[in-house]
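Residues per chain are reported as follows:
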Amino acid sequence: MEIKKRFILSISGASGTIYGLSLLTELSKHPFDLYLIISKSAESIILHENKIEVSTENIEKLIKDKHKDFNLHICESDDFYNPPASGSFRHDGMIVAPCSMKTLAEIANGLAQNLISRSADVTLKERKPLILLTRETPLNLVHIKNMEKAHLAGATIMPPVPSFYNNPKTIDDIVKHTTGRVFDQLEIEHCLFDEWGIS
Ligand SMILES: Cc1cc2nc3c(=O)[nH]c(=O)nc-3n(C[C@H](O)[C@H](O)[C@H](O)COP(=O)(O)O)c2cc1C
């Protein structure tokens with residue numbers, strides 16, 4: 001029997017919440033179980049940047065083209081009774097997109113203060129993939145040291161830096177490219193962009 005893949009997607013309060021929403025939409029097109037955690041700060045930034053009020057109803061609207069076997073579990077960011085808080089919860093990877101410097105600091109220093117940093121902490125201790133789309137610019141030394149710590153602990157530091165070799169025309173092109181690069185990290189097949197040199 002094929003075991004269904006499970007992922008954790010967290011959206012923290014940095015600019016670039018569109019990356020988290022794009023990952024949600026694209027992941028929903030696959031037969032996955034997805035555990036979604038949105039921080040309180042991210043809720044207000046999603047509203048500010050995307051004009052979307054975070055509610056179950058509005059999240060459902062974002063995944064209208066979902067795969068028939070896709071299941072979404074929305075977890076409150078302050079509820080440690082959710083499955084991702086435990087190492088006994090089997091999953092295939094966690095993404096924090098975008099990852100604020102505060103959430104990065106919590107993860108890098110083992111401060112499991114909410115469900116996002118707790119789930120990331122557990123993901124690292126269980127040696128599962130952890131992808132952090134860290135977003136801040138410029139970076140101070142604390143940010144850089146925290147990225148180093150998280151990297152050494154096993155995380156993949158993946159700032160959402162746009163590429164231009166693929167000649168993006170729209171914000172959607174830029175966001176989809178980064179979404180696809182995250183899928184590459186998690187070995188999820190996609191058609192979000194053409195591989196360089198392969199047509
Ligand atoms: C509009 C807006 C944009 C922000 N952008 C960033 C950002 O890009 N990077 C960052 O580290 N913090 C950013 N912040 C600050 C974080 O939201 C703040 O540090 C918050 O405590 C993060 O909490 P969380 O990581 O639990 O979501 C932003 C705040 C606001 C209101």
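Here, the structure is the one placed above.
Asker: Describe the site of the ligand, with residues and values.
Answerer: Not every one of the 15 residues close to the ligand is listed here, only the nearest: Gly13, Ala14, Ser39, Ser41 and Met101. Among the secondary structure elements, those contributing two or more residues to the shell around the ligand are helix 2 (40-50) and helix 4 (101-108). With four residues, helix 2 is the largest single contributor of residues to the shell around the ligand.

Asker: Break down the pairing of strand 4 (residues 94-99) for me, citing the residues and quoting the values.
Answerer: For strand 4, a buried count of six out of six residues is recorded, marking the element as mostly surrounded by other parts of the structure. Burial along strand 4 is two-sided: the face carrying Met94, Val96 and Pro98 and the face carrying Ile95, Ala97 and Cys99 are both buried. As paired strands, strand 1 (residues 6-11) and strand 4 are joined by three bridges and run parallel to one another. What sits directly across from Ile8, in strand 4, is Met94. Here four bridges tie strand 4 to strand 5 (residues 130-134), and the two strands are oriented parallel to one another. Pairing of Ile95 across the sheet is with Ile131, part of strand 5.

Asker: Provide a residue-level description of the sheet that holds strand 4, including the pertinent values.
Answerer: Spatially, the six strands line up as an open sheet ordered 3-2-1-4-5-6, and their pairing is parallel. With partners counted over all chains shown, the strands left at the sheet margins are strand 3 (71-76) and strand 6 (156-157), one partner each. Taken together, the six bridges between strand 2 (residues 33-38) and strand 3 define a ladder with parallel strand orientation. Looking across to strand 3, one finds that Tyr35 is bridged to His73.

Conventions and cut-offs
- Throughout, residues of each chain are indexed from 1 in the direction in which the sequence is written.
- Side-chain atom pairs in this predicted model are given and counted only at pLDDT of 80 or more, local residue features only at pLDDT of at least 70, and totals for whole chains, interfaces and linings cover all residues.
- Nearness between a residue and a molecule or strand is assessed with a C-beta atom placed from the backbone; a distance within 6 Å qualifies.
- For helices the rule is a DSSP run of H or I covering at least 4 residues; for strands it is a run of E covering at least 2, with both sets numbered from the N terminus onward.
- Field definition: a residue is buried when 20 or more other C-beta atoms are found within 10 Å of its C-beta, exposed when 12 or fewer are, and partly exposed for counts in between, with C-beta atoms placed from the backbone.
- One requirement defines pairing of two strands: DSSP has to find at least two bridges between them.

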